[in-house]
Amino acid sequence: MVNKALSLIGVPTDIGAGHRGASMGPEALRVANLAAKLTRRGLDVVDRGNLQGPLNPWQPPVNGYRHLPEVVAWNQAVHEAIYAELADGRLPIMLGGDHCLAIGSISAVARHCRDTGKTLRVLWLDAHADFNTAEATPSGNIHGMPVACLCGNGPKELIELGGYVPATSPAVFRQIGIRSVDEGEKRLVRESQVSIFDMRHIDEVGMKRTMEEALAGIDENTHLHISFDVDFLDPSIAPGVGTTVRGGPNYREAQLCMEMIADTGRVGSLDIVELNPAFDKKNQTARLAVDLVESLFGKSTLIR
Ligand SMILES: [Mn+2]
């Protein structure tokens, strides 16, 4: 049975991204009525407002990282906020913000799982593997590095953020929808043996079997964290992201993905990241994200 007490936490920053604008994501999700739509599903939703942190100084990389001190500050705030909600028995939904913020959120979820003896499983819905390092990154943008950092491969300040190194391991991740991996990153992904269901896999076996595989082994002790990068979706339906990559899941595939996750009843925390209203058309991508999140919390055509 999924936790019915939800807390929305806005994190208005694009500090780890290569384009400005994801800082407007939390407000776009609110404008698209996220809280009211979840409340209508019978959930107890509290909007905690926005976290605060440093402005984006828009500087070039230093030693392979852009804005590292600012990324650390934002992620510390995220870690504390998410950990507090989980400790309070609530289900946190982080409204990003760019994907570097998953370092703070997932390190907090991993810490909560250690506290409570739960088994963590992370579903990483994304066009990108986000497994870059300072050596492999073409840009220095830390939103391309969160999975590596969470697995202990990154700058000390970020890998130590949750007080436990590494915060988690490649074995907890299932990456779905991947279709853009940088050259150096390909080797890192392979060496880590992180489980990736790329678009070719989805093309070959379909979304249904892909999700059965990604969800295999989940039991009543599993804490399921969903890290939903909106660029997971095909850009024809979701133009409001900074880094579009064509050939993503279509509307029906995305719905099936969310519905099958909902069916497990094990969702314990969620990130919604990389929504960029500066690239969107009349907030359509925010509305689509809200629609999919409703399905993630059990909206379906029929009573099942
Ligand atoms: Mn991402």
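It should be noted that the structure appears before, not after, this text.
Residues numbered from 1 in each chain as written. Predicted model: local features only at pLDDT ≥ 70, side-chain atom pairs only at ≥ 80, totals over all residues. Heavy atoms only, no water.

Participant: What am I meant to see in the coordination of the manganese ion here?
Facilitator: Reference geometry at the metal: tetrahedral coordination by four donors gives ideal angles of 109.5 degrees; octahedral coordination by six donors gives 90 or 180 degrees. Distances from the manganese ion to its protein donors, H99 (ND1), D126 (OD), D130 (OD) and D229 (OD), fall within 2.0 to 2.2 Å. Each donor residue of the manganese ion lies on one chain, and together they are spaced H-x26-D-x3-D-x98-D. With H99 in the loop between strand 3 (91–96) and helix 4 (102–116) and D126 in the loop between strand 4 (119–125) and helix 5 (146–150), this pair connects stretches of sequence that are 27 residues apart. As far as burial versus exposure is concerned, H99 and D126 are alike and both buried. (Donors = N, O, S within 2.8 Å, 3.2 Å for Na, K, Ca; no water. Helix = DSSP H or I, 4+ residues; strand = E, 2+ residues; numbered from the N terminus. Buried < 20%, exposed > 50% of the residue type's maximum accessible area, 1.4 Å probe, protein only.)

Participant: What am I meant to see in the pattern of salt bridges here?
Facilitator: Oppositely charged side chains can pair when the atoms bearing their charge come close. Across all of its chains, the model carries 14 salt bridges by this definition. Close ionic contact of E27 with R30 constitutes a salt bridge, the shortest N to O distance being 3.1 Å. Of this pair, E27 and R30 both sit in helix 1 (residues 25–31), three residues apart, which is roughly one turn of the helix. We classify E27 as partly exposed; its relative accessible area is 46%. Between R209 and E213 there is a salt bridge, with its nearest N and O atoms 3.2 Å apart. With R209 and E213 both in helix 8 (residues 199–215), this residue pair falls four residues apart, about one helical turn. Take R209: its relative accessible area is 44%, and that puts it in the partly exposed class. (Salt bridge = Lys/Arg side-chain N within 4 Å of Asp/Glu carboxyl O.)

Participant: Sorry if this is basic, but what is going on with the sheet that holds strand 6 (residues 195–198) here?
Facilitator: The pairing of strands in a sheet happens through backbone hydrogen bonds and is either parallel or antiparallel. The parallel open sheet is built from eight strands, whose spatial order is 2-1-3-8-7-4-5-6. Pairing within the sheet leaves two strands with one partner each, and these edge strands are strand 2 (44–50) and strand 6. Neighbour-to-neighbour, the strand axes of the sheet open up by a mean angle of 15°, direction not taken into account. As paired elements, strand 3 and strand 8 (residues 267–273) share three bridges and run parallel to each other. Residue pairing for strand 8: I93 is matched across the bridge by L270. Strand contacts of helix 3 (residues 68–87): strand 1 (5–11), strand 2, strand 3, strand 7 (222–229) and strand 8, with the helix running at about 170° to strand 1, the strand carrying the most contacts. The strands touched by helix 9 (residues 251–264) within the sheet are strand 4, strand 7 and strand 8, with strand 7 carrying the most contacts at an inclination of about 160°. (Pairing = 2+ DSSP bridges. Axes fitted to C-alpha atoms, helices over the stretch in contact; angles between N-to-C directions. Contact = heavy atoms within 4.5 Å.)

Participant: Can you walk me through the packing of helix 8 against helix 9 in this structure?
Facilitator: Think of two packed helices as two axes; the pair is described by the angle between the axes and how far apart they sit. Viewed as axis vectors pointing N to C, helix 8 and helix 9 meet at an angle of 15°, and their least axial separation amounts to 9 Å. It follows that helix 8 is roughly parallel to helix 9 by the angle criterion. Crossing angle aside, the handedness with which helix 8 passes helix 9 is right-handed. In this structure, helix 8 uses I202, M207, K208, M211, E212 and L215 to contact helix 9, whose residues at the interface are E253, L256, C257, M260, I261 and T264. Classifying every residue of the contact of helix 8 with helix 9 gives eight nonpolar, one polar and three charged. (Parallel < 35°, antiparallel > 145°, perpendicular 65-115°, else oblique. Left-handed = near helix turned anticlockwise from the far one by under 90°. Nonpolar A, V, L, I, M, F, W, Y, C, P; charged D, E, K, R; others polar.)

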